[in-house]
Amino acid sequence: MATKTIVFSPFARLEGDLQVKVDVEEGRVVRAYASGTLYRGFEALLRGRDPLDAIVITPRVCGQCGLAHSAASAGAIRSLLGTQMPPNAYVATNVMLAIELVLSHLAHFYLSFAPDLAEPPYDDEATRRFLPLRGSSFLGALRAREEILGVLGLFAGKWPNTLAIQPGGTTRPLDASEIRRARGLLGEFTEFVRQQVIGCEPDEWLALRSASDLDAWLGEGAHAASDVGAFATFSLKQGLDRLGKWPARFMSSGGWPRATGETLMKPGACEADGDAAEFCPGKMLEHVKHSWYDPSEGGVHPFDGEGEPAPDRADAYSWAKAPRYAGAPAEAGPLARMVNDGDPLVVGLLRRHGPSAFVREMARLHETLRLLRQIGIWLNEVAPEEPFYRETPRVESGSGVAVVEAPRGTLGHWLRAEGGKIRNYQIITPTGWNLSPRDSEDRPGPLEMALVGTPVPDLARPVAISHVVKSFDPCLFCTVH
Ligand code: NFE
């Protein structure tokens, strides 16, 4: 059988250096390989430094999810010290993380995923709005970023690379007038979402509880003409609900904790048919059989992994390691969060359409709406007269771990310190899970499996492959930290 290999290098993406290689037989992908092609060495350069340096250095891993790295590095130090932040700091951190997520989801949709629907081989009036720079929706989304960035500015001082999140809390206390200002800006941004993104009140969207609710919604009023309406109708017509499926295990830490430790969403590691399993970072191991690092037997827990680069290994093909949860590949991200949380709309779409590119995108858009409402609730919980920060002792020796929900999914930082210095620092990012290469048993990662079966009727224009890869919203800067 004739095999044709297509290599996308670099694959078009928002950040990072990604190569995707697929073997095509009889018009379908039969094998896929995802490679991170750039070594960055963040873990290596943290060794021997003051643990607090991690708060300055790790947000530089990426311009899109730096706050997630801030929160994870501060959290790992707090875990080592066994300390807590004041309640206000949990709320403020959650607001910042949620805004970063909203920004990232919108950038993904309007700058990366939707533009593919506006160009050949497609030619559809409804999606021309997504044309880069020329499309009306594209420009609207760019303009609206300013308002939500304004809210982030009030909490973080600046973004990216803020130092507002520290082990002891947040360093930018807000007074009542700043909270009022934040509410006003959030309201302006929500107005953009109402008019352009969903074409209805957010509460009306959030009341959708099943796939048939979405069918009915699409048939009513201005909904079909909204960006989500145009996207959903077009995607179903073009079969995006048949692309990008794999025998998924979904993993989520629940994210956005309160001072009590309770998370905003239910954590879990369930399978696509809904069988629940608990979430536990102790079940994470990293494999390097196919990655350019010194080889190890089987998987290694991040507290024990060091990952010395070995660029000459001929049997390896990625700078990303292969993380496995309880021995199996796992998908992280909005879909994983919504499924573990039992979100009725997303679970309904998953039951009808499977873990497909369409459902991944819908989960991302739906999560954006859920978090916007939640940011409003948190703004009411900030208590300006209460502290945002509490001094913490210096880090001497010990180990700590923190897991947060970044835009693309579960992000973990593992810190081991000795004599006031970092002995070992390991990071596993969401794209590390989703774009993992093969593991010690040669089992492919989630994207590598999701690409198998993708139709490629025209080798010169393999647009379905682009939809599948982008539905995971890859960021390779993060992954090859
Ligand atoms: Ni570079 Fe990131 C997110 C992290 S990568 S964007 O979200 O952590 O998966």
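This is a predicted model, so every value here is computed, not measured.

Visitor: What exactly am I supposed to notice about the overall build of the protein here?
Guide: Secondary structure assignment for the protein yields 16 helices and 10 strands. When the backbone C-alpha atoms are referred to their principal axes, the protein occupies close to 60 × 55 × 40 Å. Sorting the 481 residues of the protein into buried and exposed places 60% on the buried side. Considering only contacts within the protein whose residues lie at least 6 apart along the sequence, 69% involve residues at least 24 apart.

Visitor: Please explain the site of the ligand as it appears in this structure.
Guide: In the vicinity of the ligand, the residues found are Cys62, Cys65, His69, Ala406, Pro407, Arg408, Leu411, Thr429, Pro430, Thr431, Cys475 and Cys478. Contact between the ligand and His69: an oxygen atom at 3.3 Å from a side-chain N or O atom of the residue. At a separation of 2.8 Å, an oxygen atom of the ligand approaches a polar backbone atom of Arg408. Along the lines of polarity and charge, the residues of the shell around the ligand split into 8 nonpolar, 3 polar and 1 charged.

Visitor: Please explain the sheet that holds strand 10 (residues 421-428) as it appears in this structure.
Guide: Two strands in a sheet stick together by hydrogen bonds in their backbones, pointing the same way (parallel) or opposite ways (antiparallel). If you trace the 3 strands from one edge of the open sheet to the other, you get 8-9-10, paired in antiparallel fashion. Edge strands, defined here as strands with exactly one partner in the open sheet, are strand 8 (398-406) and strand 10. If you compare each strand with its neighbour and ignore which way they point, the axes differ by 15 degrees on average. In this structure, strand 8 lies alongside strand 9 (residues 409-418), joined through 9 bridges in antiparallel fashion. Looking at the pairing, Ser399 lines up with Arg416 of strand 9. Taken strand by strand, helix 3 (residues 66-81) contacts strand 8, strand 9 and strand 10, and its axis lies near 150 degrees from that of strand 8.

Visitor: Hey, could you run me through the nonpolar core in this one?
Guide: Looking at soluble globular proteins, one finds that nonpolar side chains tend to be buried together. Membership of the largest hydrophobic core comes to 132 residues, with the highest contact counts inside it found for Val22, Phe155, Trp205, Met362 and Leu451. A per-element tally of this core places helix 4 (residues 87-113) first, with 14 residues. Setting aside residues no more than four positions away along its own chain, Phe155 makes contact with Ala92, Val95, Met96, Ala164, Arg172, Leu174, Ala182, Leu379 and Val382.

Visitor: How should the pattern of salt bridges be read in this particular structure?
Guide: Pairing is possible between side chains of opposite charge, provided their charged atoms come close. All chains considered together, the criterion is met by 33 salt bridges. Residues joined by salt bridges that share partners form a network here, namely Arg324, Asp439, Glu441 and Arg443.

Visitor: Whenever I open this one, helix 4 confuses me. Can you help?
Guide: An α-helical turn contains 3.6 residues, so a residue and the one three or four places further along point in the same direction. Relative to the 39 Å expected for 27 residues at 1.5 Å per residue, helix 4 spans 37 Å between its end C-alpha atoms, a close match to the ideal helical length. Where burial is concerned, most of helix 4 is hidden: 25 out of the 27 residues are buried.

Visitor: Is there a simple way to think about empty space enclosed by the protein in this case?
Guide: Empty space among the atoms becomes apparent when a probe as large as a water molecule is rolled across them. Per the counting criterion, the structure on display carries 6 cavities of 30 Å³ or more. Within this model, the largest cavity holds a volume of roughly 180 Å³. Lining the largest cavity are 21 residues, with Glu43, Tyr293, Lys321, Thr479 and His481 positioned closest to its centre. Going through the elements one at a time, helix 1 (42-46) and strand 10 are the ones with two or more residues in the lining of the largest cavity. Element by element, the count of residues in the lining of the largest cavity is highest for helix 1, at 3 residues. Among the residues making up the lining of the largest cavity, the classes are represented as 10 nonpolar, 6 polar and 5 charged.

Analysis parameters
Residues numbered from 1 in each chain as written. Predicted model: local features only at pLDDT ≥ 70, side-chain atom pairs only at ≥ 80, totals over all residues. Heavy atoms only, no water. Helix = DSSP H or I, 4+ residues; strand = E, 2+ residues; numbered from the N terminus. Buried < 20%, exposed > 50% of the residue type's maximum accessible area, 1.4 Å probe, protein only. Contact = heavy atoms within 4.5 Å. Near = heavy atom within 4 Å. Polar contact = N/O pair within 3.5 Å; in protein donor to acceptor, adjacent residues only side chain to side chain. Nonpolar A, V, L, I, M, F, W, Y, C, P; charged D, E, K, R; others polar. Pairing = 2+ DSSP bridges. Axes fitted to C-alpha atoms, helices over the stretch in contact; angles between N-to-C directions. Core = buried A, V, L, I, M, F, W, Y, C linked by side-chain atoms within 4.5 Å. Salt bridge = Lys/Arg side-chain N within 4 Å of Asp/Glu carboxyl O. Expected span 1.5 Å × (residues − 1). 1 Å grid on protein atoms, 1.4 Å probe; cavity = no way out; pocket = protein on both sides within 12 Å on 5 of 7 lines; lining within 4 Å. Points joined across faces, edges and corners; volume = space filled by probe spheres on them.

From the geometry alone we can't say anything about function, so treat these as descriptive.
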